[in-house]
Amino acid sequence: MASRILPLVVLAAAFISRALAADITVKVSDAAGHPLPEAVVYLRGAGVAAVGAPAQVTIDQKNKQFAPQISVVSVGTAVAFPNSDQIRHSVYSFSPAKPFTIKLYAGKPPAPVVFDHEGIVVLGCNIHDAMAAWVAVVDTPIFGKTDSGGVLVLHGVRPASYELAAWYPGMESGPQTQTMAVTGVDAVSREVRLPVSPLGNAGQ
Ligand SMILES: [Cu+2]
C-alpha cells in the first residue's frame with residue numbers, strides 16, 4: 001500500500017513546491033515622481049541561495065560611453081569589456097568591492113573581470129572623464145533592472161520573507177530597502193521612490 005502512495009505524495013509535493021511562487025512587480029520612480037528606467041532592484045532573503053550560476057555579462061564601449069551604464073550582477077559574475085570604438089579606452093575602478101585597471105586597449109581586453117564581492121562598483125576611463133558606469137554586485141540570484149516604464153517583474157519568487165532593495169547612481173549611502181513577505185501564489189506589487197534624478201541619455 002505504502003509503496004503505491006509514496007510516489008504520489010512525492011509527485012504532489014514536487015508540484016506544490018513548484019506551484020507556490022509569485023510574480024513580484026516593482027515600480028520605481030525618481031525624486032520628481034517620474035518612472036525611472038534602469039533602476040537596480042533585487043530581493044534578499046534567508047531562503048535564497050547566495051548566488052546563481054555565474055553568467056557572462058558584457059559592458060560595451062560605444063561613442064565614448066559605457067553601454068549599458070548601469071548593470072546588476074550576482075557575486076562571482078565575469079564581465080567582459082569590449083571596446084567598440086575606433087579609439088582606445090581604459091577601464092578602472094577605485095571601489096572597495098572591486099578595484100582594478102584595464103590599461104588602454106582597443107578591441108577585446110585579454111580577460112573578463114570577475115566581480116567577486118558584494119557592493120557598488122563605479123567604473124571610469126582614464127582618458128575620457130565623461131565615461132562612467134556602475135555595476136551593482138548583489139549576493140542573490142533574484143535581481144533585475146526596471147524597463148523604460150520604470151517597472152520590473154520578478155517571476156517565480158518562492159514564499160518567504162525578503163528584503164526588497166532598489167538602487168540607482170547617486171545613492172551614495174546604498175540601496176533603499178523594505179521588507180516584503182511572499183506568502184503563496186498571490187502577486188505582490190510594490191512602489192519605490194528613489195531620491196535621484198535620471199542619468200540622461202548619455203548611455204543606455
Ligand atoms: Cu575612454
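Below is a summary of the structure that appears in this document.

### A few points about the coordination of the copper ion
At step 1: At this site the copper ion is bound by His89 (ND1), Cys125 (SG), His128 (ND1) and Met131 (SD), with donor distances of 2.0 to 2.7 Å.
At step 2: Mapped onto the sequence, the donors of the copper ion take the spacing H-x35-C-x2-H-x2-M. Remark: Met131 occurs in the loop between β11 (119-124) and β12 (132-138) and His89 occurs in strand β8 (residues 89-93); sequence separation between them is 42 residues. The pair formed by His89 and Met131 is uniform in burial state, with each residue classed as buried.

### Brief notes about the sheet that holds strand β3 (residues 56-58)
At step 1: The mixed open sheet is built from 3 strands, whose spatial order is β3-β7-β10. Unpaired on one side and paired on the other, β3 and β10 (113-115) mark the two borders of the sheet. Between one strand axis and the next, the sheet turns by 35° as a mean value, whatever way the strands run.
At step 2: Where β3 lies against strand β7 (residues 77-80), 3 bridges are found, and the strand directions are parallel. Bridge pairing in β7 places Thr58 opposite Ala80.

### Quick word on the nonpolar core
At step 1: Ile24, Leu43 and Leu194 are the most contacted members of the largest nonpolar core, which has 34 residues in total.
At step 2: Listed by contribution, the elements that provide at least two residues to this core are β1 (22-29), β2 (40-45), β6 (70-74), β12, β14 (151-157), β15 (160-167), β16 (176-182) and β17 (188-193).
At step 3: Beyond its immediate stretch of four places on either side in the chain, Leu43 contacts Ile24, Thr140, Ile142, Leu154, Val157, Tyr162, Glu163, Leu164 and Met180.
At step 4: Listed in part, the 20 residues of the second largest apolar core include Ile59, Val75, Val135 and Val137.

Reading the values: rules and limits
- Residues numbered from 1 in each chain as written.
- Predicted model: local features only at pLDDT ≥ 70, side-chain atom pairs only at ≥ 80, totals over all residues.
- Heavy atoms only, no water.
- Donors = N, O, S within 2.8 Å, 3.2 Å for Na, K, Ca; no water.
- Helix = DSSP H or I, 4+ residues; strand = E, 2+ residues; numbered from the N terminus.
- Buried < 20%, exposed > 50% of the residue type's maximum accessible area, 1.4 Å probe, protein only.
- Pairing = 2+ DSSP bridges.
- Axes fitted to C-alpha atoms, helices over the stretch in contact; angles between N-to-C directions.
- Core = buried A, V, L, I, M, F, W, Y, C linked by side-chain atoms within 4.5 Å.
- Contact = heavy atoms within 4.5 Å.

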